[in-house]
Every structure is written in C-alpha cells, then in structure tokens.
Amino acid sequence: TIGALGGHKRFCDGGTWRCGWCACKHSECSGKGPGPDGPKTLCSACSSRHKNGHTGPPEVNQAGKFVCDLCSRQFETIGALGGHKRFCDGGTWRCGWCACKHSECSGKGPGPDGPKTLCSACSSRHKNGHTGPPEVNQAGKFVCDLCSRQFETIGALGG
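Just so you know, these numbers come straight off a predicted model, no measurement behind them.

1. As for the side chain of H84
- Mapped onto the fold, H84 is located in helix α3 (residues 78-85).
- The class for H84 is buried, based on a relative accessible area of 15%.

2. A word on the pairing of strand β5 (residues 108-111)
- Of the strand pairs in this sheet, β5 and strand β6 (residues 114-119) are connected by 3 bridges, and their pairing is antiparallel. Bridge pairing in β6 places K108 opposite C119.
- Turn length for the β5-β6 hairpin, with the two strands adjacent in sequence and antiparallel, is 2 residues.

3. Details of the sheet that holds strand β9 (residues 150-151)
- What the 3 strands build is an open sheet, ordered β7-β8-β9; its pairing is antiparallel. Looking along the sheet, the strands with just one partner apiece sit at the ends: β7 (135-136) and β9.
- As judged from the 2 bridges shared by strand β8 (residues 142-143) and β9, these two strands associate in the antiparallel manner. Paired with V143 across the bridge in β9 is Q150.

4. Some details on helix α4 (residues 120-127)
- The set of residues buried in α4 consists of C122, S123 and R125. All buried residues of α4 lie within an arc of 160° about the axis, which places them on one face of the element.
- G129 occupies a position one or two residues after α4 and carries a positive phi of about 100°.

5. Considerations on the nonpolar core
- C19, C43 and C46 are the most contacted members of the largest nonpolar core, which totals 14 residues.
- Once you skip the residues sitting within four places of it in the chain, C19 turns out to touch C24, T41, L42, C43 and C46.
- Among the nonpolar cores identified, the runner-up in size contains 12 residues, and C95, W97, C119 and C122 belong to it.

6. Brief notes about the layout of surface pockets
- Space inside the largest pocket adds up to approximately 300 Å³.
- Of the voids in this model, the second largest pocket is the one considered here, and its volume is about 220 Å³.
- Taken together, A45, S48, R49, N52, H54, P58, I78, G79, L81, G82 and K85 make up the lining of the second largest pocket.
- At 5 residues, α3 tops the list of elements feeding residues into the lining of the second largest pocket.
- Counted by class, the lining of the second largest pocket contains 4 nonpolar, 5 polar and 2 charged residues.

7. Some thoughts on the side chain of S47
- Looking at the secondary structure, you find S47 in helix α2 (residues 44-51).
- Assessed through its relative accessible area of 2%, S47 is described here as buried.
- Not counting chain neighbours up to four residues away, the residues in contact with S47 comprise G33, P34 and L42.

Reading guide: rules and limits
- Residues numbered from 1 in each chain as written.
- Predicted model: local features only at pLDDT ≥ 70, side-chain atom pairs only at ≥ 80, totals over all residues.
- Heavy atoms only, no water.
- Helix = DSSP H or I, 4+ residues; strand = E, 2+ residues; numbered from the N terminus.
- Buried < 20%, exposed > 50% of the residue type's maximum accessible area, 1.4 Å probe, protein only.
- Pairing = 2+ DSSP bridges.
- Arc of directions from axis to C-beta.
- Core = buried A, V, L, I, M, F, W, Y, C linked by side-chain atoms within 4.5 Å.
- Contact = heavy atoms within 4.5 Å.
- 1 Å grid on protein atoms, 1.4 Å probe; cavity = no way out; pocket = protein on both sides within 12 Å on 5 of 7 lines; lining within 4 Å.
- Points joined across faces, edges and corners; volume = space filled by probe spheres on them.
- Nonpolar A, V, L, I, M, F, W, Y, C, P; charged D, E, K, R; others polar.

None of the figures reported here should be taken as evidence of function without further support.
What follows is the structure, given as structure tokens:
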C-alpha cells in the first residue's frame, strides 16, 4: 500500500548503512542501536557490547571469525559469540563435589552453595538428600553406599 511505502521510505537508507564497529549491513543484523557516535550507529549486538562497557568490536582472527577472549573458541557471527559468552567461564568451572569440568558433564545444577555449583549428576544427588560426593575407591570407581557395587561415572551410580 502507499502507506507502507511511505513508512518504509522514512527509514530506508538505500542499503548503505553499516555498523560502526563490525561493518555488518542492516540486512545482516537484528536491528540498530546506540553507540559512542550516536543513535543507530551500531548493530544490536555491538550496541549491547557498548552498553556493557566495551570500547570496540570483539577480536576477529585472520579467517574472519569472532574469537572468545576467555576460551579462544571461534564463531561465525558476533551474535553467536555473544550467546556463547553469556555462559563461558574460560574452562575454569569445576563441580563443587566431584571437581569435574563443564566439558566432562552434561550440565550444571544447583547445590548447597548456590545455583550452578554442581554438575548435573551431583546436583541430582543433592536434590535427593545427599550431603556430599559419592565414595570413590582406590581404583577411581564410584561405590554405591547401599550395595557396594562399583560404577565408572557418577551418572551411572545415580542419585
């Protein structure tokens, strides 16, 4: 309709707009946001970084991929990097009971010290009333406190 055309023309830049930091086109991002140079100068992902105190775009390697500064993982888009960084701990997280890494378990869960302090297997045990990690024998296997059966993983032992 003629009204729709008028509404479009009011904001159309002829496809020339580029983000002031990452140089993406308007068609490649989810919107425009404020930046250090004024309103609608950054894409929404870069604008979010700006609001969080960053002073420039994230690092881009020679292959043109965005690099996480905590764990060096690479991403095709700044949006994918942003989604990753919300949960990235740089590989330092360990379960409060069994000390497994995040990459070694199926997720994080609540424990006696707060949210996301235990791996999902230990969190399940905590929810079932246990007050610590299961017993581990000299062979490094987890031992059932009821029948003494041995298991390779906490998940196999269960809650």
